[in-house]
Amino acid sequence: MASVSPDPKQSGFATLKNLLPYLWPVGEWNLRARVVVAMVFLVLSKVAIVMVPIFYKDAVDALVSAEEGLLLIIPVGVILAYGLARIASLGFSEARDAIFARVGQRAIRRIILEVFRHLHRLSLRFHLERQTGGLSRVIERGTRAIELLFRISLFNLVPTTIELVLVFGILWYMLDFAIAGITLATVVVYIAYTMLVTEWRIRFRRTMNEADTSANTRAIDSLLNYETVKYFGNEEHEAQRYDERLANYEEAAVKSNVSLAALNFGQAAIISVGLTLVMLLSAAGIVEGTMTVGDFVLANTYLMQLYQPLNLFGFVYREIKQALIDIEAMFVLLAVDPEIVDAPDAVALEANGSSIRFEGVNFAYDARRPILKNVDFMVPAGKKIAVVGPSGAGKSTLSRLLFRFYDVADGAITIDGQDLRKVTQQSLRAAIGIVPQDTVLFNDTVAYNIAYGRPGATQEEVEEAARLARIHDFVSGLPDGYDTMVGERGLKLSGGEKQRVAIARTILKNPRILIFDEATSALDTHTERAIQSNLNDIATGRTTLVVAHRLSTVVDADEILVLEAGEIVERGRHNDLLKRDGVYAGMWRRQQQGSDEPEAAPAPTPA
Ligand SMILES: Nc1ncnc2c1ncn2[C@@H]1O[C@H](COP(=O)(O)OP(=O)(O)OP(=O)(O)O)[C@@H](O)[C@H]1O
Ligand SMILES: [Mg+2]
């Protein structure tokens, strides 16, 4: 499967190219106009800022040469112009940010949404192999990176370049080539040095990021297993495992900081050398009489003024490189192909009677370990088939295949004769309702979780479904009723309550095909019986696949399949299987004697 860590060799340009369409969105004239206006303001603010030292110089020259008695008229005018230029530069630059904000934020919103959609498109396998903590971190960092890239870099890199060119031209024109040249050279050396050192440092940042992600993943996994940690009293063990990752981070972070100090010192040294040279040259010019004190001030001010954004440039370049890495990681995620995709000519499933057929199905999650072996059975339209067998036999796998979370390796699964691989996933999944073995709920209200079966369902419909699932009385008895929050993953409900919420939402979905995977396993026998009759009513006329551990719940099935290690070893009606006195009869006897079935099982319906 595709790797999801960014390729370090990939250039930032590719990433920037990926970003461009979001900044210049097709057909969005409002946004495009904003980009243009922001660019114009950007140039205006730079033109204003390079005027500042010129007015400054004029003021100094006027003051130096001002003879006793000469009115302050010239300096005052120049000083006012100086102030105005500063204000204009600031105003243009702020206006530019304000105008661009909408473009940047819209781009971020679109990208995150696209990533989110894509994550839901990706296959179960991807999500089981990835850790959610790490995934959310990638998105979080990617988002922050884009924001940063827009906010400072686009408006720092480009403006600084414009300013540099303007300053070079002015210095050359007003003073001499040597001073202009040294100024330019200082900046170029500074930039080259920064880029080189940053390239070297980036691996530390990368290691830091990886360590950060992996520490975070471990912390989240540990906290998700809070109860398990307590059961086994393994807090110290968890802390140590976490600390191992934290130590990796510490190591990388220290290296990163030390190298940062080296970078900062080098940068400051380069600027200081440039500044000293420029001052020496202009001092010599004054002595020779070719320059004024104002010229000395001018050259000095320009370098100092350039130094400010440049000082940021070190940071900006680092951040841009980092941001590009983070953004790239997000785009790499976007580039992961879903394992299961609709065929190009996929059509909507036409589920009429909805008979299901597994034809010689072979399947493995991992090619080295086959799970289902030549599984062949049929659930005729409107009938109920039960699958029983030991844990790990592959029962739940059948439902995952039916939902097409995975494709079969061999053979085919069809619904009303249509191969699952030839219909759209959307239409397929709309036709099937499942009460899964482990129900996980959204951290929202009970009502929300039930209504999830059919978004938009009315409160009455929700309550009706809850009644059928025998949970209405429980919910209405809660202090907050249907508005009760169920907690993260539904952990504030008991296992049986969660199961009944899951049953209710499947009832609400009202699908043609029903799958109950140990749907009532967490319920006491009494509640189970009560629900069972409701479930039977609901299942009437629908094609139903039941996975059950408690055999008494499937005695009325039209056919019972006994699955062992991925193979159907016995099949038939309850009574036939008993007569046969094989695996099933053995399981039945054991359960009858077992303590989990204190009441006598209901008399099986005669064949
Ligand atoms: N995503 C996966 N990757 C690899 N192996 C898996 C995966 N999911 C399940 N398995 C393996 O496939 C086998 C069948 O799993 P399945 O969930 O279908 O069992 P089951 O019959 O439903 O068991 P139970 O009665 O315990 O629910 C198991 O041995 C399990 O370890
Ligand atoms: Mg299972």
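Residues numbered from 1 in each chain as written. Chains lettered and ligands numbered in written order. Predicted model: local features only at pLDDT ≥ 70, side-chain atom pairs only at ≥ 80, totals over all residues.

Undergrad: I'd like a rundown of the site of ligand 1, residues and numbers included.
TA: Taken together, Leu128, Tyr365, Asp366, Ile371, Ser391, Gly392, Ala393, Gly394, Lys395, Ser396, Thr397 and Gln437 make up the full set of residues adjacent to ligand 1. Looking at the shell around ligand 1, the element that brings in the most residues is helix α10 (residues 395–402), giving three residues. Among the residues forming the shell around ligand 1, the class breakdown is four nonpolar, six polar and two charged. (Near = placed C-beta within 6 Å. Helix = DSSP H or I, 4+ residues; strand = E, 2+ residues; numbered from the N terminus. Nonpolar A, V, L, I, M, F, W, Y, C, P; charged D, E, K, R; others polar.)

Undergrad: A description of the pairing of strand β8 (residues 543–547) should follow, citing residues and the corresponding values.
TA: Across the five residues of β8, five count as buried, placing the element largely inside the fold. Two strands pair when backbone bridges link them, and strand β3 (residues 384–388) and β8 are joined in this way by four bridges, in the parallel orientation. In the sheet register, lysine 384 faces β8, and the bridge partner there is threonine 544. Handedness of the crossover joining strand β7 (residues 513–517) and β8 through helix α16 (residues 525–539) is recorded here as right-handed. (Buried ≥ 20, exposed ≤ 12 C-beta atoms within 10 Å, placed from the backbone. Pairing = 2+ DSSP bridges. Right-handed = clockwise from strand over helix to strand, strands pointing away.)

Undergrad: Tell me what's going on with helix α15 (residues 495–509), and back it up with residues and numbers.
TA: For α15, which comprises 15 residues, the first-to-last C-alpha distance of 21 Å matches the rise-based estimate of 21 Å (1.5 Å per residue) to within 8%. The complete set of buried residues in α15 reads Glu497, Lys498, Gln499, Arg500, Val501, Ala502, Ile503, Ala504, Arg505, Thr506, Ile507 and Leu508. Residues of α15 that are buried sit in contact with β6 (432–435), α12 (446–451), α13 (459–468), α14 (472–477) and α16. Asparagine 510 sits one or two residues past α15 and shows a positive phi near 60 degrees. (Expected span 1.5 Å × (residues − 1). Contact = placed C-beta atoms within 7 Å.)

Undergrad: How would you explain the domain arrangement of the chain if you had to name every residue and give the values?
TA: As far as domains go, the chain holds domain 1 (12–335) and domain 2 (356–593). Distance from the C-alpha centre of domain 1 to the C-alpha centre of domain 2: 56 Å. (Domains from an automatic or database assignment.)

Undergrad: I'd like to hear about the environment of threonine 439, residue by residue, with values.
TA: Along the chain, threonine 439 falls in the loop between β6 and α12. Residue classification places threonine 439 among the buried positions, given that 22 C-beta atoms sit within 10 Å. Once the C-alpha coordinates of threonine 439 and alanine 329 are considered, the two residues, 110 residues apart in sequence, prove to be 32 Å apart. Contact partners of threonine 439, with chain neighbours within four places excluded, come to Gly490, Lys498, Gln499, Val501 and Ala502.

Undergrad: Go over the environment of glycine 181 with me, naming the residues and quoting the values.
TA: Note on placement: glycine 181 falls in helix α6 (residues 177–224). Separated by 89 residues in sequence, glycine 181 and phenylalanine 92 have C-alpha atoms that sit 29 Å apart.

Undergrad: Break down the sheet that holds strand β2 (residues 372–379) for me, citing the residues and quoting the values.
TA: Taken together, the four strands give an open sheet; going across it, the order is β2-β1-β4-β5, and neighbouring strands pair in antiparallel fashion. Pairing within the sheet leaves two strands with one partner each, and these edge strands are β2 and β5 (418–419). As paired strands, strand β1 (residues 356–363) and β2 are joined by five bridges and run antiparallel to one another. Note that in β2 the partner of phenylalanine 363 across the bridge is leucine 372. Against the sheet, α10 touches β1, β2 and β4 (410–415), its axis set at about 110 degrees to β1. (Axes fitted to C-alpha atoms, helices over the stretch in contact; angles between N-to-C directions.)

Undergrad: Outline the environment of phenylalanine 405, listing residues and values.
TA: Positionally, phenylalanine 405 belongs in the loop between α10 and β4. Along the sequence, phenylalanine 405 and glutamate 227 sit 178 residues apart, while their C-alpha atoms lie 29 Å from each other. Not counting the four nearest positions on each side in its chain, phenylalanine 405 is found in contact with Ser123, Leu124 and Arg400.

Undergrad: Describe the sheet that holds strand β10 (residues 567–572), with residues and values.
TA: On the basis of which strands lie adjacent, the open sheet formed by six strands has the order β6-β7-β8-β3-β9-β10 and mixed pairing. Strand pairing shows two members of the sheet lacking a second neighbour, β6 and β10, which therefore form its edges. Strand-to-strand twist across the sheet, computed as the mean angle between neighbouring axes with direction ignored, equals 20 degrees. In this structure, β6 lies alongside β7, joined through four bridges in parallel fashion. If you follow isoleucine 434 over to β7, its bridge partner there is isoleucine 515. Against the sheet, helix α18 (residues 583–593) touches β3, β9 (559–564) and β10, its axis set at about 95 degrees to β9.

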